Every structure is written in structure tokens, then in C-alpha cells.
Amino acid sequence: MAAAPRTAGLRDPGGDVGLASGASGVPAASSPSDRSRPSGRRAASSTRARFQPEIQALRALAVLAVMAYHFRPGALPGGYVGVDIFFVISGYLITGLMIREIAREGRLSFRGFYGRRIRRILPAASAALAAITVAGVLILPMNRWTDLGHEALATTFFGQNWYLAHQSVDYLAEGAAASPLQHYWSLSVEEQFYFVWPALLVASIAAATWWRRRRGHGPASPRLVAGVVLWAVVAGSGAYSALQVIAGDPAAYFVTPARAWELALGGLVAVHWPQLQRLARGPRRGGAWLGSGTALVAFALVTYDAATPFPGVAALAPTVGTAAMILGANRWIEARPDGALAHLIGARSVQWCGDASYSLYLWHWPVVVFLPYLFPGVSPAVALGFGVALAFLLGALSRHLVELPFLHHTSANTALPRLVAVAAVSMSFTAIAGAGTVGWFHHSSTTLQSEAQALESNPPRGFGSESISRSGYRPFVQNAAGIAPTPSRAREDLPESAKDDCKSSIDDPTTPRCVFGDEDAGTTVVLVGDSHTEQYLPAFQKIAEEQSLRIVTYLHASCPFSFAQRESDATRGGPCLEANRATLADIVDRDEADLFVTSNLTDHPFVESADVPSPTDGFRQMWKDLRAVAPVAVLSDNPMMLPKDETTECVLENLNDPEDCAIDKDDAMPLDRQRAAAAGDPDVTWVDMTGQYCTADECPPVIGNVMVYRDQQHVTETYARTLADYVWGQVEPLLGTGAAAG
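Residues numbered from 1 in each chain as written. Predicted model: local features only at pLDDT ≥ 70, side-chain atom pairs only at ≥ 80, totals over all residues. Heavy atoms only, no water.

Our next topic: the overall build of the protein chain. Along its length, the protein chain carries 28 helices and 13 strands. Carbon and sulfur atoms provide 58% of the accessible area of the protein chain, an area that totals close to 28,800 Å². (Helix = DSSP H or I, 4+ residues; strand = E, 2+ residues; numbered from the N terminus. Areas by Shrake-Rupley, 256 points an atom, 1.4 Å probe, with all protein chains shown as cover.)

As a further point, take a nonpolar patch on the surface. On the surface, Leu374, Phe375, Val378, Val382 and Phe386 cluster together into a nonpolar patch covering about 420 Å² of accessible area. Turning to its location among the elements, Phe375 is positioned in the loop between α14 (357-374) and α15 (380-409). Phe375 sits in the partly exposed class, given a relative accessible area of 38%. (Patch = residues over 30% accessible without salt bridge, like charges linked within 9 Å, V, L, I, M, F, W, Y side chains within 5 Å. Salt bridge = Lys/Arg side-chain N within 4 Å of Asp/Glu carboxyl O. Buried < 20%, exposed > 50% of the residue type's maximum accessible area, 1.4 Å probe, protein only.)

On to the confidence of the model for the protein chain. Looking at the protein chain as a whole, the pLDDT averages 85, with 86% of positions reaching at least 70. Predicted confidence in the protein chain is weakest over helix α16 (residues 416-444), with a mean pLDDT of 61, and strongest over strand β7 (residues 595-598), with 97. Note on residues 1-48: pLDDT under 50 across the span, and 226 contacts to partners over four residues away in sequence or across chains. When the criterion is pLDDT under 50, residues 737-742 qualifies, and its contacts beyond four places in sequence or with other chains add up to 3 contacts. (pLDDT = per-residue confidence, 0-100. Contact = heavy atoms within 4.5 Å.)

In this structure, the second largest cavity encloses a volume near 40 Å³. Every residue along the wall of the second largest cavity is listed here: Thr511, Val528, Gly529, Tyr554, His556, Cys559, Phe561, Asn580 and Thr583. Of the residues in the lining of the second largest cavity, the class split is 4 nonpolar, 5 polar and no charged. (1 Å grid on protein atoms, 1.4 Å probe; cavity = no way out; pocket = protein on both sides within 12 Å on 5 of 7 lines; lining within 4 Å. Points joined across faces, edges and corners; volume = space filled by probe spheres on them. Nonpolar A, V, L, I, M, F, W, Y, C, P; charged D, E, K, R; others polar.)

Counted at 1.5 Å a residue, the expected span for helix α7 (residues 222-246) with its 25 residues is 36 Å, and the 36 Å between its end C-alpha atoms agrees. Pro222, Val225, Ala226, Gly227, Val229, Leu230, Val234, Ser237, Gly238, Ser241, Ala242 and Val245 are the residues of α7 that are buried. Lining the buried residues of α7 we find α2 (82-105), α6 (185-214) and α8 (260-271). One or two residues past the end of α7 sits Gly248, with phi positive at roughly 80°. (Expected span 1.5 Å × (residues − 1).)

Closest axis-to-axis distance for the α2/helix α3 (residues 110-139) pair is 12 Å, and the angle between their directions is 155°. Taken together, the axes of α2 and α3 are roughly antiparallel relative to one another. The two elements α2 and α3 meet at a crossing, and its hand is right-handed. The residues of α3 that touch α2, namely those facing Ile94, Leu97, Met98 and Glu101, are Phe113, Arg116 and Arg117. Of the residues that constitute the contact of α2 with α3, the class distribution is 4 nonpolar, no polar and 3 charged. (Axes fitted to C-alpha atoms, helices over the stretch in contact; angles between N-to-C directions. Parallel < 35°, antiparallel > 145°, perpendicular 65-115°, else oblique. Left-handed = near helix turned anticlockwise from the far one by under 90°.)

This part takes up the pattern of salt bridges. Scanning the entire structure with this criterion turns up 19 salt bridges. A salt bridge links Arg627 to Asp683, with the shortest nitrogen-to-oxygen separation between them at 3.8 Å. Of this pair, Arg627 sits in helix α23 (residues 615-627) while Asp683 is found in the loop between α26 (673-679) and β10 (685-687), placing the two residues 56 residues apart along the sequence. Within this structure, Asp84, Arg259 and Glu262 form a network of salt bridges that share partners.

Right, let's talk about the state of the cysteines for a bit. Tallied over the entire structure, the rule returns 4 disulfides. Each sulfur of the disulfide joining Cys559 and Cys576 lies 2.0 Å from the other. An S-S torsion of about 85° defines the bridge between Cys559 and Cys576 as right-handed. One end of the pair, Cys559, is in the loop between β6 (550-556) and α21 (567-571); the other, Cys576, is in helix α22 (residues 575-590), with 17 residues separating them in the sequence. By the burial criterion, Cys559 is buried, and Cys576 matches it. Sulfur-sulfur distance for the disulfide between Cys694 and Cys699 comes to 1.9 Å. Note on the Cys694 and Cys699 pair: the S-S dihedral is about 95°, so by sign convention the disulfide is right-handed. Residue Cys694 is classed as buried on the basis of its relative accessible area, which comes to 2%. Among the residues examined, Cys699 registers a relative accessible area of 0% and is labelled buried. (Disulfide = S-S within 2.5 Å.)

A few words on the packing of α6 against α8. Where α6 contacts α8, the two axes come as close as 10 Å, and the packing angle between them is 65°. Regarding α6 and α8, the two cross each other, and that crossing is right-handed. Contact with α6, carried on its side by Val189, Glu190, Phe193 and Tyr194, involves Ala260, Leu263 and Ala264 of α8 and no other residues of that element. Its residues assigned to classes, the contact of α6 with α8 shows 6 nonpolar, no polar and 1 charged.

The next thing to look at is the side chain of Ser465. Mapping Ser465 onto the fold places it in the loop between α17 (446-457) and β1 (468-469). Only 2.6 Å separates the side chain of Ser465 from the backbone oxygen of Thr722, close enough to count as a polar contact. If sequence neighbours within four positions are ignored, Ser465 has contacts with Gln692, Tyr719, Thr722 and Leu723. (Polar contact = N/O pair within 3.5 Å; in protein donor to acceptor, adjacent residues only side chain to side chain.)

Among the secondary structure elements, Ala696 is positioned in the loop between β10 and β11 (698-699). Classification of Ala696 by relative accessible area gives partly exposed; the value is 31%. Non-local contacts of Ala696, meaning those with residues more than four positions away in its chain, are made with Arg470 and Lys665.

Moving on: the pairing of strand β5 (residues 524-529). Buried residues dominate β5, accounting for 6 of its 6 residues. Sheet topology places β5 next to β6; 6 bridges connect them, and they run parallel. From the neighbouring strand, Leu527 faces β6, where its bridge partner is Thr553. Of the strand pairs in this sheet, β5 and β7 are connected by 3 bridges, and their pairing is parallel. The partner of Leu527 across the bridge, within β7, is Val597. (Pairing = 2+ DSSP bridges.)

See below:
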């Protein structure tokens, strides 16, 4: 089962995921109950719902939970469920609004509905989006600009959740730094839901009415029809969400089909409000509903964390709890309008947070992302205090300078052309900001890219690994300018296998076989392992060009080639172990290898069980089976650099002095379980690659004008090619042995 992705409101505590708050629904005046602000006393009205202070209190709880999680995740590990609270509130308010309008008018005004959405959503969201995008270009390193621009464009057209879903399953995007726009994913989910729900409701009522009248009955009940449709959405979307989470699909956190049930659940509270009121009549019953709902939400806030499989079944606690709190608080306050709870909920600070929750949500996450760049080295306590204060200040400014003016000077009855103009201007403004960011990146990186291309087309003496030894290294060779690949595009410097679908994804139970080099060559080298084997493909392709070799690959992401099993694979049901067994069977059956080369990332927890061998035994058993076909060479694992894209960012900030970004060797070298396995197996050739990456003391990110790493743990294609001579020198003697054995 997959844990929630690490993202904003998503669930990235402070770096690597929420919500377009439920406050992004219609103004709170659209609740199913006649309520007055703030004590809960009634004000008679037959045409329009009154304000519900408890809804604003729930909004305040939701946004403060998300903010606490993002600013200090350890303080409230399940704070990301504030997003789910917002979803339920939004579904409750907006479905209630539609049901009442249809019951009152006999129809739903799409102009009025979407006019309210435009007034409520677009001004604040667009202003924040444009400002965040511009600030990102000014504050973030250049390598972040392209993704920032793409996300701005996706957000403009309410597709941010699908963009992040794609990134979550894109292995090459793994470990990428958090974007200041990630939190817009939830707003995208909401708006996609409301693109469909009004039309679906109207069409369903029309169809039900037509069917009833054919049988001589009156028109269909809007509440009844809405209830049937919403229950179907809850069942279908909820089942999809649960199954995707069980399958370990990280995209389930973002995609609308896995989230729609939460908005539909809120809608069911509005649809069944009359019946629910009777169930919770009186302070005792109301208090029971409120208490049980509060307990469920508190349970999620306190016990969930970034490892909790989510949404799926786990999302029931915060969503059902929120529904119960809406009902229970309403009933309790109605029975005791002057009680302590009513006064707490009606407190000015609580109501202000609820009123400003949308703007607070929009602005707090970029503050979290930008703060380390603006104030590096500041103590955590100072950064926390300043960041929270800045988020509240920006939220207040957005509320009073953007949200309220548009709400006060326009209405749902504002002329349609004017509302369309507001939407067009807002979306055009943010689209220009997004496209401009991508364009500015390409313009700004032109010089760096030109230098990199010159180096690659005519490598100078000492290029790459030629400039490092145990005693020292040179970041730049004499009379050569620039870094290849340009650091701003290091993530794009990939081996050919990554571009040709020659590597399985983490959940695949099979591993593809691909052929590179001279297909008619008499000598075949088989590369088998995870992405840490894959990164040496460019070196072997260069060797193949010079030595006429045939290169066969079996590559599987996050899947060490072993009979041992990583805990993460066991959690997913064992696709890696299944693939490894099938790969070994295919290798033995083909009997084509003259040499096997493998290297794997093993600094992860492995299953400890009598049913599965230990990491050491698992590698030895696998290598023994391979040796029955051909010799085996094991390349030691490479260093681990700074997390996410911090090494690349450091180099971009120190282009003339990249040595400032080197890491102490003792800190950089990972636990390599292959070493112990090879040490006890004299028939396996151990190739120590450490000296190709590190001196005796440190591991630099730039060697001989070459950017060594494309992310925290993978080597660039450019640097890998410079390793060809060293690797060939280590494995060439084995080919003679293999030929003789063959």
C-alpha cells in the first residue's frame, strides 16, 4: 500500500505536499440551515440560508491544521487531512445551495452558479498564482524555473492535480524539490468536480422527471435524485480510491476520481439534512454527534503521518468526522446558543481565520518553500515565527485587497460578459506568467547551454573522471569554460534506456530486455539491476563503440537484482522479487552472456524473515546462479549527495566555485550491502568505484568540467561516459575467462 506522496497539503511537511480550501466554495451564506452570525440565533427567512459560524470554525481548523503540518510537521503529523475537511465542507455548502435553488426556482441558473465560482475563486487564486510565479523566478535557482512555469500553466487551467499525479509516478521526477504551486492541486480537484456536478444534477433530475411523468406521476424530488447520484459517486469514487491506494498508486492522492467521493459525502449531508436534524435533535444527541466527529478528526490529525496509506479507507476518519461535526455543532449551538461552545466558535479570531482560510491557504505554502532561500542559516525557531507571521500577513492582504473587493463589487447577477471578462483576464494573466517563466529559463540558460555543448562536442584533456584521484581533483581543467551538462538541465541528462522504455517501473512484475551496441558482435555484456546499474549504460555504450560489444540490459526501478526483498517491495505485494525470478529464468534460458555487470542501491530496509534470505545471502545466491552462465562483476554503489535538487542548486549558486558544494566522504557514502556479499564470494569480481567519485576526504559535484550528478543519487550520462576507460580496465580480463567458460 502506498503512503501519501510528499507534497503540499499533499503531505510534504516542509519540502517535498494542500488544498484549495473548502473556503473556496461559495460564501458561507449558502448553508442548509437558517443561522445568524455569530451566536447561532435564528433570523427568519424563507428564501435564503443564513450564516453558520460553526462552518467558519471548521474552516479555521482545517487551514490551521494544514499550516501546522507544513511549517512544523512533527507537531501535527496528520495535519494534511485539513484538505479533506475542506472538501467535505465545500460539498456540503455548494450542494445545499443548488438543491435549495432548484426547489425554490424550479431550475438551476448555471450563470449564477459559475458566476459565484468566478467571483469567489479566480481573483484571489490568480493574483496569488501570478505573484508566486514571479517570486519563484526571483528566488528559486534556475533549474526550478521550467517546472514552475509548467505548473503555473497547469494551475491556470485547473489541471495541477493531474500534473502532480503524472510527476508522482514519473520515476525520473523522484526526489524533485517541492514547488511553491503544489498546493493548488486541491483547487483543481474542486473545480473539476464542479465542472461536472451541476450539469449532472440537472440532467439527472430532468431524466427522473421524464421517467416519472411517462408513468403519470409528478416531477422528481431534487433531494431524492441528488441523493441517489451522490451515493453512487461516493460508492464508485470511494472504491476506486481504496483500490488505488491498496495497489500502491501514488497518483491516487491527486486524481479527481479518487477524491470526488469526499465532496459527494459533504453533498449528502446537505441532501439528507432534514433527516439528519431529527437524528441529532437536542443537545445530548447533538453533543454525541459532535463528540464522535471531533474524535475521528482528532484521531486522524494526531495518528496519521506521511507514511499512512492515503486517501482510501484512511480518509474515512477525517471526512465522516467532519460530516458529524457539521451536524453536531449545528444542533448543539441551536440548543445552547449562549453556551461556551457557541462563544468559542463565535470568537472573532476563530471567525477571522475561517473567513480568511482561502487566502491563508493560497499564501502559506509558498512561504514555506521560499523561506529557506530567503533566509538560509536562520535558526528554525526564528524561521518558523517569521514564516507564520508572513503567511498571516499575506493572507490578510489577499483577503482585504483581492477577495472582498470582488465579492462586494460584483454579484451572481453581474452581467455575464463582465464575469467572463474577469475569468479571461485572470487566466490570461497567469498563463502569460507561466509561459513567460519557461521562456525566461530558456533565454537565461542559453550561455550555459552553449558552453556545455562546446565541451561535449570537443572534450578537453582531463574531462570528467580523468580529473580526480585519491589525492585530489580539479573542478575545471585548464583553458576550458563551463559545465556539462549545464546544471540547470542536469535532470535531463539521462541514459538512452530511460528514453526507450527499457526500465520497468517500481510496481511492474516483469523486467524488459533491451539490446544496445553492435547486435552482431561476438561478445555480449549483460547489465542487470536497478537504476544504479542503468546509469553505467552510457559507459558501456562507449566501450561497445570501441570494442564491438553487444550490450543487453535488464533494468528495473527501485529493484536490486537479488533474492532478498526490500520492505517497500513486500508492501507492494512483491513485484520486484517476482520480476527478478522471471529475469533470472530468462537469462539462464537464453544463455547469451559473456559477462554480467550489476550495481544496486541497497541503503534501504530489507525484509527480515525466514522465508526470504538476508541481503547478503540474497545477493550471493543470485550471483551464484548467474555465474553458472558467465562471470559476474559487481560495481560498488556511488555517493549520495544532498537531498532533492540541493546539490544542483548549490552548483548554480556557485558556478565559479562548485567545490563549495562538495560533501564529506564519510557522509556521502551509503550503506552498500553488496560489499559484504562480494567479500565472502571469491568468484565474484568487486569493482570499487569510490575513487571515481571521491578523493580520500570528499565527494565533489563537478569534476573536470562535468556535472557528476543529476539528482541526489544518480550520475549524469555525461559523467558516466567518462568512466568507460576505468570500467573497461576492470572488467576486460573477465571476458577472456567468460569466453573460455563459454
